[in-house]
Structures are given as structure tokens and as C-alpha cells.
Amino acid sequence: MYVVGLMSGTSLDGVDVALLDIKELDGNLSTKLIDFKTVPFQPGIVTEIRKSLSIEESDSQLICSLNFKLGVLFAESVKMICSKNGIAASELGVIGSHGQTIFHQPEQVGDFAASTLQIGEPAVIAYETGATVVSNFRTMDMAAGGQGAPLVPFTELLLYRDTHKNRLLQNIGGIGNVTVLPKNATLDQVFAFDTGPGNMIIDDLMQRLFGRGYDDGGEMAAHGVVNEELLAYCMDDPFITAAIPKSTGRELFGKEYTDELLTTYGHLAPEDLIATITMFTAKTIVSNYEQFVFSKMAIDEVIVSGGGSYNKTLLRYLAELLEGRCEVLTQEDIGYSSDAKEAVAFGLLAYETLHGRPSNVPMATGAREHVILGNVTYPPLKYKEEGTIHA
């Protein structure tokens, strides 16, 4: 079955599109990545997303409009990758679309209920492509008492379980999250959680201080010196030591966080700010390992994915902090793609949903039980083909 996975994350660099060929025999899945591409967002869309993310600037009309605009963009991205590979979009078995997170509040705050919102209208994607779409993956897990994140541990178990090695799969996108895979693990032995900021604060500082979207290769951080006072200030954030399961996002480490940093520590050299926040990302990751992982098992490998895997300074900091404990690798070191990992995951999750199978991991999200994730949207053509519409 041909499947497309779509992911638009907290980094706001574009929509990741993965075209997969999934085969199933006797309950065993075989997943082949046929093609992958990141379709960049136009500056105007990024501006609208950023406004939608801001409590001060957002409004219902903006989010309503953006929901449909992103639906069109996601659909065009699907059609593009299918056309490139000689496949009609309508031939796809399913499209899994995570959508663009606008707000994620995993726990009740005052009168505001635990809730989440991802946009990118699935009806538009289904209509434009002629394919079935699975979307809103987080909501059912939250309905079952979970945090709705992280969602990829199920697929990581399928793809990365090793019979001899205890592995940590560390994604560093806008936010950092880790999946713990004991050797030869069963689903109930897997657990995962967000470790804190990934590239989010680094990228925001790079944009404000240097007019660049990210620290290419970690070059700017490499020219700076870590400021221990600022690092200690950042590490004092309560999220770093919060109990698991836990998840976070721009609500905690977004624009307002950067504003506060620059207000208090804006006198530091820009390179030192970047170096310190890069070390902050590395140290939050390792601090979480020390609190929640190392006491349970010795780790053989940390396998890094996401945009952070291309930041050589960040990887160096991680390796130094973990020296003597485990090896630090990237997805490419084991034959996979760092960029494609999450888009592949949502393609796989959509496949599981289409087949009526649960795919959340309660040990990761805190949900009360295993549930089937996502909402299914059928294109008009499907109804006609199945004979459910009668003249």
C-alpha cells in the first residue's frame, strides 16, 4: 500500500512529506521510504502561523482561514511527491497528516481544559487528492487522559527495536523528545517524553540577532563561549525536573521565553548567547536521561534525529556530556533519514488507524488505555466507488 505521511512541526520550516510503501504479511510490517521532501513555507504563511501561535496576536478568523490554506498546501505537497514518483494521489491507501500545532495544553490550567489544536483541514486534503486522510492524532489519546504526545514511540518500536541494544531515540526538532527502547522491548516496556527545548530558542535567537533562520551546522555556537550564569538560569526551569510523562511546546519555550532571555541577558555577546542556549538544549536532554532513564538501564546508543542532528556543535556537546556512558549516533549512521523520521511515523500511524488498530503508548502519554488515534476523512470518490451513494 502506498502511504504518505505529512508533518509540520514547531520549527516552522515547511511541511515534511514522506512517500512510503507499506507491506504487511502475517502481522509483520515492512516499510520502505520511496521519497521524501520538505516543502518550504512561504514567508506569508510563516507570519500567519506565528500570529496564530501568539495569544496576543491570534484571532479566530485568522486560524479559521489558515486551517484551509494549510489544507491546500498539504494537498499540493502530496500531489507533488506522488507526481514525481509516477503515482496518482488517488491511488494512495491513506494520508497521515499531523497538521500544524496551534496550541497544545496537556494539563488543565485554571479554567482552561487540557486540550490541543492542530490545523490543516483534512477535508481539503481528501477532496484535492482523492485519498483517505487520517488527522487529529493527538485528540483521542487526550480524551483517554493522556497528554497527546509524544506519538511516535509506537512506530519507533516497529522500526528501531534491537534484540541486543538499549536505545534512546532522541528527536531534536523545535522541541526535544526521547523514546526509550529497551533491548527486545514489548510495547508496554516503551516509554517516552519531551525533554525540553530543541532548536526552538536557538532558531528564534538566530533570527533576531543575525537575521538567519537557524544556526547552520552549529557554526555560530562554535564561535561562542557558554555563559554559566545564563545556563544555570535556564536549567532552573521547572519543566526540566517535572515528572514524566510530560510534553511541552511554544507555549513554554516560544517567543515570550526568548523575550525574557534577551531582556535579562541581552548584554552578552550574540555568539555566547547561541552557544549557551545550544548547551541548554544538550544539557536538558542529558539531565532528563539522568533523572528518568539511567537509573533503569544502561544505554548503548543515543540515535539523534530532526534538524538538531545537523548541528555539529549540539552533537559535540551531547557527546561530551554522555562520554563514557553511551554512543551518540544520527539516523544516517544507521541507514535512516533524520529529516524524514516524523513524517514516516505519521504515515505508519495512519496505516494502523485505517486498519482499526490502537497505536498510542500509554507509558509515554499517560493515557488510561490503548486507543485508535486520529479522525478518518474520506474523499467523495471513495463513497461512489463503494456504492454507498445511490441515485
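Look up: the structure comes first, before these words.
The present account deals with the structure reproduced in this document.

### Points about the sheet that holds strand S7 (residues 167-172)
And step 1. In space, the 5 strands of this open sheet follow the order S9-S8-S7-S10-S11, with mixed pairing throughout. Only two strands of the sheet have a single neighbouring strand rather than two, namely strand S9 (191-197) and strand S11 (327-330). Neighbouring strand axes in the sheet, compared pairwise and without regard to direction, differ in orientation by 25° on average.
And step 2. Relative to strand S10 (residues 301-305), S7 runs parallel, the two being bridged by 5 bridges. Paired with Leu168 across the strands is Val302, a residue of S10.
And step 3. Running over the sheet, helix H5 (residues 153-160) touches S7, strand S8 (175-181) and S9 and is turned about 50° from S8.

### Notes on the side chain of Ser97
And step 1. With respect to the secondary-structure elements, Ser97 resides in strand S4 (residues 94-105).
And step 2. If we skip the residues at most four places from it in the chain, Ser97 touches Leu6, Phe74, Ile125, Val133, Val134, Ser135, Asn136 and Phe137.

### What to know about a negative patch on the surface
And step 1. A cluster of acidic residues, Asp13, Glu327, Glu332, Asp333 and Asp339, forms a negative patch at the surface.
And step 2. The residue Glu332 is located in the loop between S11 and helix H14 (341-354) in this model.

### A few points about the packing of aromatic side chains
And step 1. In the structure shown here, the tally under the stated rule is 7 aromatic pairs.
And step 2. On the numbers, 5.9 Å between centres and 70° between planes, the contact of Tyr289 with Phe294 is edge-to-face.
And step 3. Given a relative accessible area of 0%, Tyr289 falls into the buried group.
And step 4. The exposure class of Phe294 is partly exposed, given its relative accessible area of 21%.
And step 5. Joined through ring pairs, the aromatic side chains of Phe239, Phe253 and Tyr257 make up one cluster.
And step 6. The ring of Phe239 has Lys246 sitting right over it, with the charged end atom 4.7 Å from the ring centre.

### Considerations on the pairing of S4
And step 1. Burial runs high along S4: 11 of the 12 residues are buried.
And step 2. In terms of strand pairing, strand S1 (residues 2-8) meets S4 through 5 bridges, oriented parallel. Opposite Leu6, over in S4, you have Ser97 as the bridge partner.
And step 3. Alignment of S4 against strand S6 (residues 133-135), held across 2 bridges, turns out to be parallel. Paired with Gly96 across the two strands is Val134, which belongs to S6.
And step 4. Alignment of S4 against strand S5 (residues 115-119), held across 5 bridges, turns out to be antiparallel. Paired with His104 across the two strands is Thr116, which belongs to S5.

The rules behind the values
Once a new chain begins, its residue numbering starts again from 1 and follows that chain's sequence as written. Local features in this predicted model are restricted to residues of pLDDT 70 or higher, and side-chain atom pairs are both shown and tallied only at a pLDDT of 80 or more, whereas totals for entire chains, interfaces and linings draw on every residue. Working from all heavy atoms in the structure, the side-chain values ignore hydrogens and water. A pair of strands is treated as paired once DSSP finds two or more bridges between them. For helices the rule is a DSSP run of H or I covering at least 4 residues; for strands it is a run of E covering at least 2, with both sets numbered from the N terminus onward. Working convention: axes come from line fits to C-alpha atoms, limited for helices to the stretch in contact. Angles between N-to-C directions cover 0 to 180 degrees. Should any heavy atoms of two residues lie within 4.5 Å, those residues are counted as being in contact. Patch construction takes residues with relative accessible area above 30% that form no salt bridge. Like charges are linked within 9 Å, and nonpolar side chains (Val, Leu, Ile, Met, Phe, Trp, Tyr) are linked within 5 Å. Using a 1.4 Å probe, accessible areas were evaluated by the Shrake-Rupley method; residue-level cover was limited to the displayed protein chains. One side-chain nitrogen of Lys or Arg within 4 Å of one carboxyl oxygen of Asp or Glu is enough to make a salt bridge. Charge assignment in this entry is limited to Lys and Arg as positive and Asp and Glu as negative, and neither His nor the chain termini are counted. Positions of charges follow a simple convention, taking NZ of Lys, CZ of Arg, CG of Asp or CD of Glu. In this analysis, rings of Phe, Tyr and Trp, with Trp reduced to its six-membered ring, are considered paired at centre separations within 6.5 Å, and the interplanar angle assigns stacked below 30 degrees, edge-to-face beyond 60, and tilted for intermediate values. Note on classification: 1.4 Å probe, protein chains only; a residue is buried when its accessible area is under 20% of the maximum for its type, exposed when over 50%, partly exposed between these limits. Counting as a charge over the ring demands two things of the Lys NZ or Arg CZ atom: a distance within 6 Å of the ring centre and an angle within 35 degrees of the ring normal.

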